[in-house]
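# Inside the fold
The residues making up each chain are set out below.
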Amino acid sequence: MAIRQIDKLDFKDKRILLRLELNVPLKDGKVQDTTRIEQALPTVKFLLKGGASVIIVAHAGRPNGNVVEELRLTEIAKEMEKLLGHKIKKLDEAIGKKVEKEIEKMKPGEIIMLENIRFYPEEEANDIKFSKTLASYADYFVMDAFGTTHRAHASTHGVAEYIPAYAGILVSKEIHALSPLLEQPRRPITLVLGGAKIWSKIGIIKNFIAKADHILLGGGIANTFLYAQGHYVGESLFEKDKVDIAREIMLDCEKNHDQLHLPEDVIVADEMSDDAKTLNVPVTDIEGDAKIFDIGPRTAEKYAQIIKNSQTIFWNGPMGLYEHPPFKKGSETIAKAMAETYGTAIVGGGDSVDCIKRCGYKREDFTHISTGGGASLEFLAGTMLPGIEPLLK
Ligand code: 3PG
């Protein structure tokens, strides 16, 4: 995929509107994880070094077009200022007279961060006037919010209609890391998919039915497939309205490489707690009101062997409720195999990334850790993402 990159751009004395992915976990207004902020720094540094002034646009949470005090970007700006070692002037609005005045005064080397762009309903509506206003602030638009490239919003898509658009360093890196999965990946190819809901994973499964050698399922999504296969799943979480689509996918897989793997054994318990009493049972032996909270050791070991024997592996979604020690083992075994495999190991999705951290692994233990959960899934589903499409050469 050929995209316009910022290394080809002369931005000395120019104003850049830079869309970043700074949607980080916040608790009591404080930033809990700085990964996304750290990943945004190379582009900011590159632009400053080249003599630009930088206007940062970002969002936090889902305020649905309203001002939500806890979702202001003030703390995120402070955290970024610390990590960058450079002053950031955080504004309390994203458009309007005050903002315009501040932008007019900007000198090369200065940074302004606009307020949470999702405080404005026009953002998610991809409003033309709003996009034009944002575009009027700068000479160039640089898109570096990979995690938001699957949203057709004013600051990710609309704005690129009105000023020249380029990909930042992170977006370029993500496309470079994920594209080989779509374009001639080294085989065997394995997808490891978990988490609670199927809907976000249907696209990627369908796109890989003809390509993947193995699709390993765990978490809540596996429960829906087990149910569709006719297993009793007790009181386990599963999606009744997705049973038909699960059956359809199973049939398609049978017709192709018969590559779909479901858990053979699981960890069940009555309650989800740190001291829950657990039982390891074959999926044929689930009884009463038992709830599945993890894949079992036999399944985890089988999945780990497949991962280690694969050349290309993509993992999104934990195998169970890894936050609770009794249900962590399945995801931990996957994380270990991903870290140990000689194949290309790519991890995406906030929960899987959190899980590998809790298991004591570092970024360097994997080929690539994507900053986009939904975005990486949609990218691998083969859809042209609205935040990437304007960057194509
Ligand atoms: C993310 O955190 O995955 C992105 O910021 C997108 O957030 P959204 O799902 O609220 O659009």
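Bear in mind the structure is a predicted one, so any value in this text is a computation, not a measurement. (Residues numbered from 1 in each chain as written. Predicted model: local features only at pLDDT ≥ 70, side-chain atom pairs only at ≥ 80, totals over all residues. Heavy atoms only, no water.)

## Section: the overall build of the protein
Note the following rule: Runs of E in the DSSP output that reach at least two residues are strands. Runs of H or I that reach at least four are helices, and both are numbered from the N terminus. Only the C-alpha atoms count toward the radius of gyration. The rule for a globule is 2.2 Å times the residue count to the power 0.38. For every residue, the accessible area obtained with a 1.4 Å probe (protein chains only) is divided by the maximum for its type, and the residue is called buried under 20%, exposed over 50%, and partly exposed between those limits. Any two residues whose heavy atoms approach within 4.5 Å are treated as being in contact. Method for areas: the Shrake-Rupley scheme with a 1.4 Å probe, in which residue coverage is limited to the protein chains shown. Only four residue types enter the charge count, namely Lys and Arg as positive and Asp and Glu as negative; His and the chain termini do not. To locate a charge, take atom NZ for lysine, CZ for arginine, CG for aspartate or CD for glutamate.
Along its length, the protein carries 13 helices and 17 strands. On C-alpha atoms alone, the protein measures out to a radius of gyration of 22 Å, which is about the 21 Å that the 2.2 N^0.38 rule sets for 393 residues. Principal-axis analysis of the C-alpha atoms places the extent of the protein at approximately 70 × 45 × 35 Å. Expressed as a percentage of its 393 residues, the buried residues of the protein come to 55%. Counting only contacts in the protein whose residues sit at least 6 apart along the sequence, the fraction spanning at least 24 positions is 76%. Working note: accessible area of the protein is about 17,300 Å², and carbon and sulfur atoms make up 50% of it. In the protein, the 51 positive side-chain charges and the 57 negative ones have mean positions that sit 6 Å from each other.

## A word on helix 12 (residues 350-358)
As a reminder of what qualifies: The arc in question is formed by the directions pointing from the helix axis toward the C-beta atoms.
Of all the residues in helix 12, the buried ones are Ser352, Val353, Cys355 and Ile356. Angular distribution of buried residues about the axis of helix 12 spans 160°; they occupy a single face of the element. Where helix 12 is buried, its residues meet strand 15 (312-316), helix 11 (329-340), strand 16 (344-348) and strand 17 (368-369). Just past helix 12, the residue Gly360 takes up positive phi, approximately 90°.

## Re the packing of helix 10 (residues 297-308) against helix 11
So the rule is basically this: Only the contacting stretch of a helix is used when fitting its axis, a line to C-alpha atoms as for every element, and angles between N-to-C directions run 0 to 180 degrees. We call two directions roughly parallel when the angle between them is under 35 degrees, roughly antiparallel when it is over 145, roughly perpendicular when it lies between 65 and 115, and oblique otherwise. If you view the pair so one helix is near and one far, a crossing is left-handed when the near helix is turned anticlockwise from the far one by less than a right angle, and right-handed when it is turned clockwise. By the convention adopted, Pro, Cys, Tyr, Trp, Phe, Met, Ile, Leu, Val and Ala count as nonpolar, Lys, Arg, Asp and Glu as charged, and the other residues, Gly among them, as polar.
It is at 9 Å that the axes of helix 10 and helix 11 come closest, and there the two elements cross at 15°. Here helix 11 runs roughly parallel to helix 10, going by the angle between their axes. Between helix 10 and helix 11 lies a crossing whose hand is right-handed. Contact residues: helix 10 offers Ala300, Glu301, Tyr303, Ala304, Ile307 and Lys308, while helix 11 offers Gly330, Thr333, Ile334, Ala337, Met338 and Glu340. Residues of the contact of helix 10 with helix 11, tallied by class, amount to seven nonpolar, two polar and three charged.

## Notes on the site of the ligand
Counted only if it meets this: Proximity is defined per residue: any heavy atom of the residue falling within 4 Å of a molecule or strand makes that residue near it. As used in this structure description, the phrase polar contact means that two N or O atoms lie within 3.5 Å; if the pair is within protein, one of them must be able to donate a hydrogen and the other to accept it, and residues adjacent in sequence are counted only when both atoms belong to side chains.
Every residue near the ligand is listed here: Glu21, Asn23, Arg36, His59, Arg62, Arg118, Gly147, Thr148 and Arg151. With respect to the ligand, the side chain of Arg36 contributes an N or O atom lying 2.9 Å from an oxygen atom. Contact between the ligand and Arg151: an oxygen atom at 2.6 Å from a side-chain N or O atom of the residue. Burial of the ligand by the protein amounts to 84% of the accessible area it has alone, namely 310 Å². The residue makeup of the shell around the ligand, split by class, is no nonpolar, four polar and five charged.

## Describing the nonpolar core
For soluble globular proteins, nonpolar side chains are generally found buried alongside one another. Keep this limit in mind: As used in this record, nonpolar core signifies buried Ala, Val, Leu, Ile, Met, Phe, Trp, Tyr and Cys residues forming a set joined through side-chain atoms within 4.5 Å.
Counting 76 residues, the largest nonpolar core has Leu17, Leu114, Leu217, Phe225 and Phe314 as the members making the most contacts within it. Considering every element that reaches this core, the biggest residue donor is helix 9 (residues 243-255), with six residues. Residues Ile6, Met80, Tyr140 and Tyr166 belong to the second largest nonpolar core, which totals 31 residues.

## Thoughts on the state of the cysteines
Heads up, the rule is: Criterion for a disulfide: a pair of cysteine sulfur atoms within 2.5 Å.
On inspection of all chains with the given rule, the structure shows zero disulfides. Of all cysteine sulfurs in the structure, the one in Cys355 sits closest to Cys359, which takes part in no disulfide; the separation is 4.2 Å.

## Thoughts on the packing of aromatic side chains
Between two aromatic rings, the relevant description is the distance of the centres plus the angle of the planes. Keep this limit in mind: In summary, the pairing rule links any two rings of Phe, Tyr or Trp, Trp by its six-membered ring, whose centres are within 6.5 Å, and it sorts them by plane angle into stacked for under 30 degrees, edge-to-face for over 60 and tilted for everything else.
Evaluated as defined, the whole model comprises seven aromatic pairs. Ring centres of Tyr120 and Phe130 lie 5.6 Å apart, and the angle between their planes is 35°; on these two criteria the pair is classed as tilted. Residue Tyr120 is found in the loop between strand 6 (111-113) and helix 4 (121-124), and its partner Phe130 is found in helix 5 (residues 128-136); the two are separated by ten residues along the sequence. The class for Tyr120 is buried, based on a relative accessible area of 16%.

## Some remarks on helix 9
For clarity, the cut-off: The span expected for a helix works out to 1.5 Å for each residue beyond the first.
For helix 9, which comprises 13 residues, the first-to-last C-alpha distance of 19 Å matches the rise-based estimate of 18 Å (1.5 Å per residue) to within 8%. Those residues of helix 9 that sit buried are Val243, Ile245, Ala246, Ile249, Met250 and Cys253. Projected down its long axis, helix 9 shows its buried positions confined to an angular sector of 160°, all on one face. Exposed residues lying more than 90 degrees from the buried face of helix 9 are Asp244, Leu251 and Lys255. Its buried side turned inward, helix 9 meets helix 7 (202-208), helix 8 (219-228) and strand 11 (260-261).

## A few points about the side chain of Asn223
Inspection of the secondary structure puts Asn223 in helix 8. Reaching out from Asn223, the side chain makes a polar contact with the backbone oxygen of Leu237 at a distance of 2.8 Å. Setting aside anything within four residues of it in sequence, one finds Asn223 in contact with Val233, Ser236, Leu237, Phe238 and Ile292.

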